[in-house]
Amino acid sequence: MNLVLHNYVRSTAAYRVRIALNYKDIAAVVSDVDLLKGEQTQAQYTDKNPQGLVPALETPQGVLAQSLAIIEWLDEAYPETPKLLPGDAWQRAQIRSLSYAIACDMHPLNNLRVLKYLTGQLGQPEPVKTQWYHHWLAQGFQKIESTLSESHYCIGETLTMADLCLIPQLFNARRFEFDLTPYPKITAIEKHCLGLTCFKNAKPA
Ligand SMILES: N[C@@H](CCC(=O)N[C@@H](CS)C(=O)NCC(=O)O)C(=O)O
């Protein structure tokens, strides 16, 4: 299958999909969209992905937006590859629940366009932006830390979509100098995952 991943190297959401492709060993051509230059809002991109965000995956059936939809599609379209939503209905629901806590409740509050609106139209200075960013990270990470066990992974004993949401969010947190010492279970999972090849080859750096 010919796949094209529309990507930006520092995008948290695209990072999730890069890890998924690596883990499953699925080849995709990478096409970079420079978010800082606003390429995500230009017709060349929005004609393909009207949602105007990265990632998007071009597939033989069409263009799919939304990282979690892409990851679930990869799981179903490539059933012979290792699953990122393994287990029974209950376990898969647990994986989605934790993934959504990060991707739906944390990440959107700290997205580029939200931060730009805060410092641009709303005229807030940089320290307020950082305070906003850290506030919502702390809210999210506190809740997640309290639900984790002592495993190497967020849910169960294997890698799942939830880990693909957590690790990129931590990359972002570190980039904004957020103190992660109060979250030992989260950082233990991070340490383990960053040692895996599929994460190493997907890292923004
Ligand atoms: N819920 C979407 C989020 C996508 C998203 O927000 N992507 C960011 C980069 S991490 C983006 O394209 N931002 C551009 C902007 O804010 O203008 C997903 O999971 O794919």
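Everything here concerns the structure above.
Everything numeric here is computed off the predicted structure, so don't read it as measured data. (Residues numbered from 1 in each chain as written. Predicted model: local features only at pLDDT ≥ 70, side-chain atom pairs only at ≥ 80, totals over all residues. Heavy atoms only, no water.)

Engineer: How would you explain the sheet that holds strand β3 (residues 56-59) if you had to name every residue and give the values?
Structural biologist: Strand order in the open sheet formed by four strands is β2-β1-β3-β4, and the pairing between neighbours is mixed. The two strands at the open ends of the sheet, each matched to only one other strand, are β2 (29-32) and β4 (62-65). Averaged over all pairs of adjacent strands, the angle between strand axes in this sheet comes to 20 degrees, irrespective of strand direction. Its contacts with the sheet place helix α3 (residues 67-77) against β3 and β4, and it is angled at close to 120 degrees to β4. (Pairing = 2+ DSSP bridges. Helix = DSSP H or I, 4+ residues; strand = E, 2+ residues; numbered from the N terminus. Axes fitted to C-alpha atoms, helices over the stretch in contact; angles between N-to-C directions. Contact = heavy atoms within 4.5 Å.)

Engineer: Describe in detail the site of the ligand, supporting the description with residues and values.
Structural biologist: Around the ligand, the structure places 15 residues, and the nearest of them are Gln 40, Val 54, Gln 66, Ser 67 and Asn 111. Gln 66 has a polar side-chain atom sitting 2.7 Å from a nitrogen atom of the ligand. A distance of 2.5 Å is found between an oxygen atom of the ligand and a side-chain nitrogen or oxygen belonging to Asn 111. Alone, the ligand offers 510 Å² of accessible surface; in the complex the protein occludes 90% of this. When contributions to the shell around the ligand are tallied by element, the ones reaching two or more residues are α1 (12-24) and α5 (112-119). No other element matches the three residues that α1 contributes to the shell around the ligand. Here the shell around the ligand is built from residues that sort into six nonpolar, seven polar and two charged. Formed jointly, the shell around the ligand draws a minimum of three residues from each of two domains, domain 1 (4-77) and domain 2 (89-200). (Near = heavy atom within 4 Å. Polar contact = N/O pair within 3.5 Å; in protein donor to acceptor, adjacent residues only side chain to side chain. Areas by Shrake-Rupley, 256 points an atom, 1.4 Å probe, with all protein chains shown as cover. Nonpolar A, V, L, I, M, F, W, Y, C, P; charged D, E, K, R; others polar. Domains from an automatic or database assignment.)

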